[in-house]
Number of protein chains: 2
Amino acid sequence: MSELVRVAVDAMGGDHAPDEIVKGAVEAVNADTGVKVFLVGRQEAVEAQLKNYTYDGERIEVVDAREVIETAEPPVMAIRKKKDSSIVKALHLVKDGTCDAFVSAGSTGAVLVGGQVLIGKIKGVERAPLAPLIPTQKGVTLLIDCGANVDARPSHLVQFAKMGSIYMENVVGIKNPRVGIVNIGAEEEKGNALVKETFPLLQACEDINFIGSVEARDIPAGAVDVAVCEAFVGNVLLKTYEGVAAVLIKKIKGTLMSSLKTKIGALLIKPALKKTLGTFSTEQHGGAPLLGLNGLVVKTHGSSKAEEIKNSVLQCVTFTEQKIPDKIRKNITIKEKEGSEHGV
Amino acid sequence: MSELVRVAVDAMGGDHAPDEIVKGAVEAVNADTGVKVFLVGRQEAVEAQLKNYTYDGERIEVVDAREVIETAEPPVMAIRKKKDSSIVKALHLVKDGTCDAFVSAGSTGAVLVGGQVLIGKIKGVERAPLAPLIPTQKGVTLLIDCGANVDARPSHLVQFAKMGSIYMENVVGIKNPRVGIVNIGAEEEKGNALVKETFPLLQACEDINFIGSVEARDIPAGAVDVAVCEAFVGNVLLKTYEGVAAVLIKKIKGTLMSSLKTKIGALLIKPALKKTLGTFSTEQHGGAPLLGLNGLVVKTHGSSKAEEIKNSVLQCVTFTEQKIPDKIRKNITIKEKEGSEHGV
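So, here is what we can say about the structure in this document.

Criteria and thresholds
- Residues numbered from 1 in each chain as written.
- Chains lettered and ligands numbered in written order.
- Predicted model: local features only at pLDDT ≥ 70, side-chain atom pairs only at ≥ 80, totals over all residues.
- Heavy atoms only, no water.
- Buried < 20%, exposed > 50% of the residue type's maximum accessible area, 1.4 Å probe, protein only.
- Helix = DSSP H or I, 4+ residues; strand = E, 2+ residues; numbered from the N terminus.
- Pairing = 2+ DSSP bridges.
- Right-handed = clockwise from strand over helix to strand, strands pointing away.
- Axes fitted to C-alpha atoms, helices over the stretch in contact; angles between N-to-C directions.
- Contact = heavy atoms within 4.5 Å.
- Least-squares fit on C-alpha atoms with pLDDT ≥ 70 in both.
- Parallel < 35°, antiparallel > 145°, perpendicular 65-115°, else oblique.
- Buried area = accessible area lost by both parts, 1.4 Å probe.
- Salt bridge = Lys/Arg side-chain N within 4 Å of Asp/Glu carboxyl O.
- Nonpolar A, V, L, I, M, F, W, Y, C, P; charged D, E, K, R; others polar.
- Expected span 1.5 Å × (residues − 1).
- Bend = angle between axes of the 7 residues up to and from the residue.
- Core = buried A, V, L, I, M, F, W, Y, C linked by side-chain atoms within 4.5 Å.
- Phe/Tyr/Trp six-rings, centres within 6.5 Å; stacked < 30°, edge-to-face > 60°.

Notes on the pairing of strand S2 (residues 35-41) of chain B
Residue and element names in this part refer to chain B.
- Burial within S2 is extensive, with seven of its seven residues counted as buried.
- Across the two faces of S2 the burial is the same, with Val 35, Val 37, Leu 39 and Gly 41 and Lys 36, Phe 38 and Val 40 all buried.
- Looking at chain direction, strand S1 (residues 5-10) and S2 are connected through six bridges and run parallel. Each residue of the ladder has a partner; that of Val 9, found in S2, is Leu 39.
- Handedness of the crossover is the feature at issue here: the chain leaves S1, passes through helix H1 (residues 19-31), returns alongside S2, and the resulting connection is right-handed.
- As defined by bridge partners, S2 adjoins strand S3 (residues 60-64) across five bridges and the pair is classed as parallel. What sits directly across from Val 40, in S3, is Val 63.
- For the handedness criterion, the β-α-β arrangement of S2, helix H2 (residues 43-50) and S3 is classed as right-handed.

This is the structure in structure tokens:
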């Protein structure tokens, strides 16, 4: 029992809570005998859902939390006031060592702020980046940072590059991941002040495979494994990704229904097309880890269904078994010394 | 004759120069009797192409320029050294009043730098933004700035909003265009330092229809007519747009060819699908104007063919007839006073 990876799951977060969340937690427990899930939320609502499933009762525990933080609430205030919310209670489970990780489809702001404030950052980590995996032509790319750390400094971006590399290598399984900095041209002299200051610092890092600037145009084609950027830029990139794909797919579907001829054609291509578009949906790749904390926090989409929750819980198992926080701690400490040599 | 709009066209710029450029210029002259084109480039190469067409000889003039600025050349140096290049000679035609506007598919950097240095900015304009039209579900949106003005200040963004509004209203024909600032959330308290400082200044502008923040996710759906942002962010947004659309279309085409069944389906949907994807290509909407100069400069895609060149030349006619520089001059002057009240 002592070897189990213990994951707290926010049973009340997201558009499909608690039913899809509970279903996903049960599926994770049934898929991996090495995991125990703590479902945090209104006990009666969670238990009503649990009744529908068969699972190892030793490996699912319900933790009662009466309050829910809504998406629209100002996060700092919500974390401070709603002590009995599923997010705050779950974060405390990680803080006090009852759990190794936390998965939530709830308020992004509350999860980001709460993670940093309640769980705390690894010693030496300046900021905790949110790092979603985005689909590309070749597989997936880690986009780091898309979180709340706007107006980052060069030293933050260097740490993001290190943490992203460790994650891609150890959790996603990409050997020697290619790290690029998101820029407006491939030439070294291009960029804004932040990129120009960060570029030589990344070049000086011996423990990452820095390949230089990457243009946003080349990210969907899979030009890098880790795309480093400041959070505002990362958020715009991620949201444009989702928005363009959504509108394009909508337009294509409209076209397929536009005449009898296209409707017949649509019947013939539908299964294959559905599979293709599925691989290119940002929602198919599970949650985004908030890296650099003393424990893992995974933020899934608000629209998460059971499969994304299940995958995120299993992602926590790999993360914990690979001792990612230890690896980051070691790596960042070396970094601090290098950083000070560069006057960061 | 004195009423003709005179447009200089860079005959040597882009992947398909000079043949497609010359063809586009001829098509523009044949489409609109109110325009005269000055084709700037190697005389013998341009004249060899012109021989293939029938057109009003009074309204096409060849201006010899022996040098060509390559895309990879550092722009500032290229503009300074290559006095006999098609870009520098064409910009001088606008500067000395021989031409009203300039269209180029050549080096973006050289066109941006050269436009600002040689033609010069309208009095009161702090920076000249590059403003491409991007396709949306509903039509087109002006993305301003995607140019070389990285690390802009709030007062620059306010001017971009004004210039973008004038352009959309008078050239594209959108009444009372909706202006939004690109942000990472719809709430007013979100954003980086630049957005937070700019937001109240835009709210205070009485001469634009400012509707608040716009998330990158909602731009493809057509949430605003003018999307205001700093150039680095705009460039990332534009390039992500192009990259995601290109990869998605490539994946869909691959799917259609994946089996006999899908190939038959593809035959049935192909014409309709081609039309749909065509409306969503960023290259179908002509060139991007560089606004705020004493004359119009339009930068078209490096991959421009005749149609984009033709459309860009005709765009210059509307721009000149609508006296856009005068309208900007008037508007920006008022702005300066307002700006100083806000301590900008």
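So much for the structure itself; the text now carries on.
Points about the sheet that holds strand S6 (residues 140-144) of chain A
All names here are of chain A.
- Taken in spatial order, the five strands make up an open sheet running S5-S6-S9-S7-S8, and their pairing is mixed. The sheet is open, and its two borders are formed by strand S5 (133-135) and strand S8 (209-215), each paired with just one other strand. Here the strands of the sheet are splayed against their neighbours by 35° on average, with no regard to which way each runs.
- The pairing of strand S7 (residues 178-183) with strand S9 (residues 226-228) spans three bridges and is parallel. Paired with Ile 181 across the bridge in S9 is Val 228.

Some thoughts on the sheet that holds strand S11 (residues 296-299) of chain B
All names here are of chain B.
- Strand order in the open sheet formed by six strands is S3-S2-S1-S4-S11-S10, and the pairing between neighbours is mixed. Edge strands, defined here as strands with exactly one partner in the open sheet, are S3 and strand S10 (288-290). On average, adjacent strands in this sheet sit at an angle of 25° to one another, irrespective of strand direction.
- Contacts from H1 reach S1, S2 and S3 within the one sheet, and its direction differs from that of S2 by about 165°.

Some words on the relation of the copies chain A and chain B
- Superposing chain A onto chain B takes a rotation of 180° combined with a translation of 0.0 Å along the rotation axis, leaving an RMSD of 0.0 Å. Such a combination of rotation and displacement between the chain copies is what one expects of a two-fold axis. Taking the C-alpha atom as reference, chain A places A:Gly265 closest to the rotation axis, 2.0 Å from it.
- The overlap is high: 100% of the interface residues of chain A also sit at the interface in chain B, so the same surface is used on both sides.

A few points about the side chain of B:Asp225
All names here are of chain B.
- Within the secondary structure layout, Asp 225 lies in the loop between strand S8 (209-215) and strand S9 (226-228).
- Accessibility expressed as a relative area gives 9% for Asp 225, which makes it buried.
- Beyond its immediate stretch of four places on either side in the chain, Asp 225 contacts Thr 141, Leu 142, Met 168, Ile 174, Pro 177 and Arg 178.

Some details on the packing of helix H8 (residues 231-256) of chain A against helix H9 (residues 260-279) of chain A
Residue and element names in this part refer to chain A.
- Across the interface, H8 lies against H9 with an axial gap of 9 Å and an inter-helix angle of 155°. When the axes of H8 and H9 are compared, the pair comes out roughly antiparallel. Only Thr 262, Lys 263, Ala 266, Ile 269, Leu 273 and Leu 277 of H9 make contact with H8, whose side of the interface consists of Ile 249, Ile 252, Thr 255 and Leu 256.

Observations concerning the interface of chain A and chain B
- The partner chain B presents 51 residues to the 51 residues of chain A that form the contact.
- Of the roughly 4700 Å² buried between chain A and chain B, counting both surfaces, carbon and sulfur atoms make up 75%.
- For the pair chain A and chain B, the interface holds four salt bridges.
- For B:Glu242, the salt bridge goes to A:Arg217, with nearest N and O atoms at 2.8 Å.
- Among the elements of the structure, S7, helix H7 (193-203), H8 and H9 of chain A are those that each provide at least two residues to the side of chain A that touches chain B.
- Residue contributions to the side of chain A that touches chain B peak at 20 residues, all from H8(A).
- Class assignment of the residues belonging to the side of chain A that touches chain B gives a composition of 29 nonpolar, 14 polar and eight charged.

Observations regarding the packing of helix H6 (residues 154-172) of chain A against helix H10 (residues 306-321) of chain A
All names here are of chain A.
- Contact geometry of H6 with H10 gives a least axis separation of 9 Å together with a crossing angle of 105°. With respect to each other, H6 and H10 are oriented roughly perpendicular. Listed contacts from H10 to Tyr 167, Asn 170 and Val 171 of H6 are Gln 315, Thr 318 and Phe 319.
- Its residues assigned to classes, the contact of H6 with H10 comprises three nonpolar, three polar and no charged.

What about helix H9 (residues 260-279) of chain B?
- An ideal rise of 1.5 Å per residue puts 28 Å on 20 residues; H9(B) measures up with 28 Å between its terminal C-alpha atoms.
- Along H9(B), the largest kink reaches about 60° and is centred on B:Ile269; proline B:Pro271 follows within four residues of it.
- Of all the residues in H9(B), the buried ones are B:Thr262, B:Gly265, B:Ala266, B:Ile269, B:Leu273, B:Thr276 and B:Leu277.
- Residues of H9(B) that are buried in the fold lie against H8 and H9 of chain A together with helix H8 (231-256) of chain B.

Examining the environment of B:Gly147
All names here are of chain B.
- Looking at where Gly 147 falls in the secondary structure, it is placed in the loop between strand S6 (140-144) and helix H6 (154-172).
- Among the residues examined, Gly 147 registers a relative accessible area of 7% and is labelled buried.
- The contacts of Gly 147, once residues within four sequence positions are left out, are Leu 112, Leu 130 and Ala 231.

Observations concerning the nonpolar core
- Formed by 185 residues in total, the largest nonpolar core has its most connected members in A:Leu39 and B:Leu39.
- Other than its neighbours up to four places away in sequence, B:Leu39 contacts B:Val9, B:Ala11, B:Val22, B:Ala25, B:Val46, B:Leu50, B:Ile60, B:Glu61, B:Val62 and B:Val63.

Considering the environment of A:Val195
- Mapping A:Val195 onto the fold places it in helix H7.
- Owing to a relative accessible area of 4%, A:Val195 belongs among the buried residues under this scheme.
- With 41 residues separating them in the primary sequence, A:Val195 and A:Pro154 have C-alpha atoms 7.6 Å apart.
- Once residues within four sequence positions are removed from consideration, A:Val195 is found in contact with A:Ile181, A:Val182, A:Asn183, A:Lys190 and B:Phe232.

Topic: the packing of aromatic side chains
Residue and element names in this part refer to chain B.
- Under the definition given, this model contains four aromatic pairs over all chains.
- Where Tyr 167 meets Phe 319, the ring centres are 6.2 Å apart and the plane angle is 45°; that geometry is what we call tilted. Residue Tyr 167 is located in helix H6, and its partner Phe 319 is located in helix H10 (residues 306-321); the two are separated by 152 residues in the primary sequence. Both residues of the pair, Tyr 167 and Phe 319, count as buried.

Comments concerning the pattern of salt bridges
- This structure, assessed with the given rule, holds 28 salt bridges over all chains.
- One salt bridge connects A:Glu61 with A:Lys36, and the closest N-O pair in it is separated by 2.9 Å. With A:Glu61 in strand S3 (residues 60-64) and A:Lys36 in strand S2 (residues 35-41), this pair connects stretches of sequence that are 25 residues apart.
- Judged by its relative accessible area of 34%, A:Glu61 is partly exposed.
- We note a salt bridge from A:Lys239 to B:Glu215, for which the minimum N-O separation is 2.8 Å. Here A:Lys239 is found in helix H8, whereas its partner B:Glu215 is found in strand S8 on a different chain. A single burial state applies to A:Lys239 and to B:Glu215, both of which are buried.
- Linked by salt bridges that have partners in common, A:Glu44, A:Asp64 and A:Arg66 make up one network.

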